[in-house]
Amino acid sequence: MDEIFNIKNLQFSENDLDFIQLNDLANEMISPGHIVVRSRVNGKPFIILRAGDFIDDYFIEKYATAGISSFYQLKIVNRDQEEKIKYKISELMSNKINEWERNNRNVEFLKEVQKFFKNSQESQYSVLNLLRAMNAKYNCIPLNIFEKNSTISSLIYQRNLMISTLMVIFGTLLGISDLKLLKDLYNLGQLLDISLLKSGYNTFIEEALKLSYHQSKDALVYLKKNKVHPEVYRTFFYHPVKSYQLATQFVHHFNYPEVLELIKFHHEELDGTGFPQGISYQELGHIDQITHLCQQLVPYEEIIFSHHQEKNPFHAIEERLSILKKANPNSMFFKLAEKKWKWFLELTIPKEGITLDQAPTNNPLALGKINP
Ligand SMILES: [Fe+2]
């Protein structure tokens, strides 16, 4: 019988390992599997790169210099599924289709995406396929930002990949049909916390970030309780504004520069308890709320790329949506988001497509109403 290895909660046998060449890895951006080397002494495997990690030049050079040109791979990605998603997105991106056809293709795209949420326990529907496919089709942000993210904070790197993907999904579900705008929303997801990615990043900021994903005020309470240095507090408190300022250097990658303004509001709360401005949702537009919603829905990173997903990582989405709706009974937005998510999961997307009476404006010029 094959020996069973158990490393970092991953159980696998010899048979689960495939060969992968260094050259093939160098062509990837997001690692398609756990990359493994075997001890020359006893054959024991070591994971040197996790599935989903960013493959940077340093990694490639290090092994190329050492003369190592192939590894073992504990495969996570299913190329067929990944290609299917990419194909559906390419179909959407065609300029030669009318609105009716685009609606149909939107539904087809959502149906394909839905499989990753409903069947994620099946290995071919690992969420990593979806994240890689979306990144390949929508990303315009320079790779060094991903490299910086992953080097300084794997939490931010992995969450951003998820947030960006959810931005496209929820954007589509909530009635945005302008693909240029959806693309902008994807890219926006990568820049939300960009100002935190510097040498001052520390465990207090990381912990505050985790807390802020669910309740902005919890993060501030945590930082005060731990009496962090005023500079750390300020860095965290003003990071939405600072990140916006830094993100403007990427404005030429955006179809609608106004979209960048959303970064300023990603930690504001419905009831005005968010930061840095403490403004309430009533003052925010629909698309601002999508940004905030998506960052509140993403589960923590460790469960995202696991080999055998014991729990569908997106169950957290359902739970969070229901909590948000209950906590904000008067919010039309949360009601709508929950309703659309249920439709999405049950594939009872209405025949008329995704247009709703309450659908948000598609006019990005309606963004940035707030001028702090
Ligand atoms: Fe943030």
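Right above here is the structure, for reference.
Counting restarts for each chain: residues are numbered from 1 in the order of the written sequence. Where totals are concerned, whole chains, interfaces and linings use all residues; where local detail is concerned, this predicted model gives features only for residues with pLDDT of at least 70, and gives and counts side-chain atom pairs only at 80 or more.

Below, the discussion takes up the overall build of the chain. Where helices and strands are cited, they refer to DSSP runs of H or I of at least four residues and of E of at least two residues respectively, numbered from the N terminus. For the chain, the count of helices and strands is 15 helices and six strands. To sort residues by burial, count the other C-beta atoms lying within 10 Å of each one's C-beta; a count of 20 or more means buried, 12 or fewer means exposed, and anything in between means partly exposed. C-beta atoms are built from the backbone. Within the chain, the proportion of its 372 residues that are buried is 40%. A pair of residues counts as a contact when their C-beta atoms, built from backbone coordinates, are within 7 Å of each other. Once local pairs closer than 6 in sequence are excluded, the contacts in the chain between residues at least 24 apart make up 71%.

It is worth spelling out the sheet that holds strand β5 (residues 45-49) at this point. The pairing criterion is simple: DSSP has to find at least two bridges between the two strands. Pairing within the open sheet is antiparallel, and its four strands lie in the order β3-β6-β4-β5. The open sheet is flanked by β3 (17-21) and β5, the only strands paired with a single partner. Going from strand to strand, the sheet's axes swing by 45° on average, the running direction of each strand aside. Alignment of strand β4 (residues 33-38) against β5, held across four bridges, turns out to be antiparallel. What counts as an axis is a line fitted to C-alpha atoms, over the stretch in contact for a helix, and the angles between N-to-C directions run from 0 to 180 degrees.

The next thing to look at is the packing of helix α6 (residues 143-152) against helix α7 (residues 154-173). Following both chains from N to C, one finds α6 and α7 inclined at 130°, their axes separated by 5 Å at the closest point. In terms of orientation, α6 and α7 fall into the oblique class. Residues Phe146, Asn149 and Ser150 of α6 touch α7, and the partners they reach there are Ser154, Ile156, Tyr157 and Asn160. Considered class by class, the residues forming the contact of α6 with α7 number three nonpolar, four polar and no charged. Angle categories: roughly parallel below 35 degrees, roughly antiparallel above 145, roughly perpendicular from 65 to 115, and oblique for all the rest. Nonpolar residues are Ala, Val, Leu, Ile, Met, Phe, Trp, Tyr, Cys and Pro. Charged residues are Asp, Glu, Lys and Arg, and all others, Gly as well, are polar.

The subject of this paragraph is the nonpolar core. What tends to happen in soluble globular proteins is that the nonpolar side chains get buried as a cluster. We define the nonpolar core as any set of buried residues of the types Ala, Val, Leu, Ile, Met, Phe, Trp, Tyr and Cys, connected via C-beta atoms lying within 7 Å of each other. Counting residues in each nonpolar core, the largest one holds 85 residues, and the members touching the most others are Leu166, Met167, Phe170, Cys294 and Ala337. In terms of residues, this core owes the most to one element, α7, which gives eleven residues. Both domains that furnish three or more residues to this core are identified here as domain 1 (4-75) and domain 2 (79-366). When residues no more than four places from it in sequence are discounted, the contact partners of Phe170 are Ile290, Leu293, Cys294 and Ala337. Either an automatic procedure or a domain database provided the assignment from which the domain bounds are taken.

Glancing now at the pairing of strand β2 (residues 10-13). Of the strand pairs in this sheet, strand β1 (residues 4-7) and β2 are connected by four bridges, and their pairing is antiparallel. If you follow Ile7 over to β2, its bridge partner there is Leu10.

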